[in-house]
Amino acid sequence: MGGNSIQKEMIQVVEAPHPLIKHWVSVLRDENTPSFIFRNAMAELGRLLIYEATRDWLPTIIREVQSPVGVSMAEFINPKEPILVIPILRAGLALAEHASSVLPSSRTYHLGMSRDEKTLLPSVYLNKLPDKFADGARILLVDPMLATGGTVIAAIDLLKDRGVENTQIKVVSAISSPPALQKLKIKFPGLQVYTGAIDPILNEKGFIVPGLGDAGDRSYGT
């Protein structure tokens, strides 16, 4: 598996090393990046991270095809076993924007969560998840900022309430912090996290430092 991989207590964290990933993370960090470029950079970063996260993970089928000059056994992504993409609104929408270009048969379920700025605790304001996921479903949970870890943990709890196992989930994030990753390691063994960067600390407001600021505000200019 590509990237700088840290495996502890059965959780795997991959800080993808591709130069394009580093480039888009740098564009996101720059406070002078305007909103429309920031949103595009988030989408491009998401495309690359989803590509990395689905390596050796996609269900395939093999069938015979006729090329212009001969017969070949060809391998295709199995459309009957779609990957499920779950962006956590709002900023998750930007990071997941190009998911369908990587995974044309994917399905998207929206989950809206906000964090109280005083308590740092998450609350759900939109839940479009099904009552139960199909057995063996492969789920990409897209949350740009893994800061305190409260939001992503609450989201995973909602998935598990619907029959999903830790090993069925891959978390995709732009920036992650050690406190969030530590909580995920303790609570969800078998989980995998793909991130553009791991930053060292959180400030007193629960923001990642150096981070990139508020991903939702910067994506949509509000």
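Residues numbered from 1 in each chain as written. Predicted model: local features only at pLDDT ≥ 70, side-chain atom pairs only at ≥ 80, totals over all residues. Heavy atoms only, no water.

- You'll find the protein chain entered in an unreviewed UniProt entry as uracil phosphoribosyltransferase, with Rhynchospora breviuscula given as the organism.
- Reading the Pathway (unreviewed entry) entry of the UniProt record for the protein chain gives the comment "Pyrimidine metabolism; UMP biosynthesis via salvage pathway; UMP from uracil: step 1/1." (UniProt positions renumbered as here; feature names shortened; annotations may be inferred.)

Let's talk about the packing of helix 1 (residues 19–29) against helix 2 (residues 35–53)
Turning to step 1, where the next piece is worked out: At a minimum axis distance of 9 Å, the contact between helix 1 and helix 2 shows a crossing angle of 150°. By the angle between their axes, helix 1 is roughly antiparallel relative to helix 2. Considering only the axes of helix 1 and helix 2, their crossing is left-handed. The residues of helix 2 that touch helix 1, namely those facing Leu20, Ile21, Trp24, Val25, Val27 and Leu28, are Ile37, Phe38, Asn40, Ala41, Met42, Glu44, Leu45, Leu48, Leu49 and Glu52.
Turning to step 2, where the next piece is worked out: For the contact of helix 1 with helix 2, the class distribution of residues is 13 nonpolar, one polar and two charged. (Axes fitted to C-alpha atoms, helices over the stretch in contact; angles between N-to-C directions. Helix = DSSP H or I, 4+ residues; strand = E, 2+ residues; numbered from the N terminus. Parallel < 35°, antiparallel > 145°, perpendicular 65-115°, else oblique. Left-handed = near helix turned anticlockwise from the far one by under 90°. Contact = heavy atoms within 4.5 Å. Nonpolar A, V, L, I, M, F, W, Y, C, P; charged D, E, K, R; others polar.)

Concerning unusual backbone geometry
Keep in mind that most residues, glycine aside, have a negative phi and that most peptide bonds are trans.
Turning to step 1, where the next piece is worked out: With an omega dihedral of 5°, the bond running from Leu89 to Arg90 counts as a cis peptide bond.
Turning to step 2, where the next piece is worked out: Relative to the helices and strands, Arg90 is located in the loop between strand 5 (83–89) and helix 3 (91–95).
Turning to step 3, where the next piece is worked out: Cis rather than trans, the peptide bond between Val209 and Pro210 has omega equal to 5°.
Turning to step 4, where the next piece is worked out: The residue Pro210 is located in the loop between strand 14 (208–209) and helix 7 (215–220) in this model.
Turning to step 5, where the next piece is worked out: Positive phi, normally seen in glycine, also occurs at Asp56, with a value near 60°.
Turning to step 6, where the next piece is worked out: Judged by its relative accessible area of 76%, Asp56 falls in the exposed class. (Buried < 20%, exposed > 50% of the residue type's maximum accessible area, 1.4 Å probe, protein only.)

Quick word on the nonpolar core
Turning to step 1, where the next piece is worked out: With 36 residues, the main nonpolar core has Met42, Leu45, Leu140, Val172 and Ile175 as its most contacted residues.
Turning to step 2, where the next piece is worked out: The set of elements that each furnish at least two residues to this core consists of helix 1, helix 2, strand 5, helix 3, strand 9 (138–142), strand 11 (169–176) and strand 12 (192–198).
Turning to step 3, where the next piece is worked out: Sorting elements by how many residues they give to this core places helix 2 first, with eight residues.
Turning to step 4, where the next piece is worked out: With near-sequence residues (within four places) excluded, Leu45 lies in contact with Ile21, Trp24, Val25, Leu28, Leu95 and Ala174.
Turning to step 5, where the next piece is worked out: By size, the runner-up hydrophobic cluster in this structure holds 28 residues, among which are Ala137, Leu146, Val171 and Phe188. (Core = buried A, V, L, I, M, F, W, Y, C linked by side-chain atoms within 4.5 Å.)

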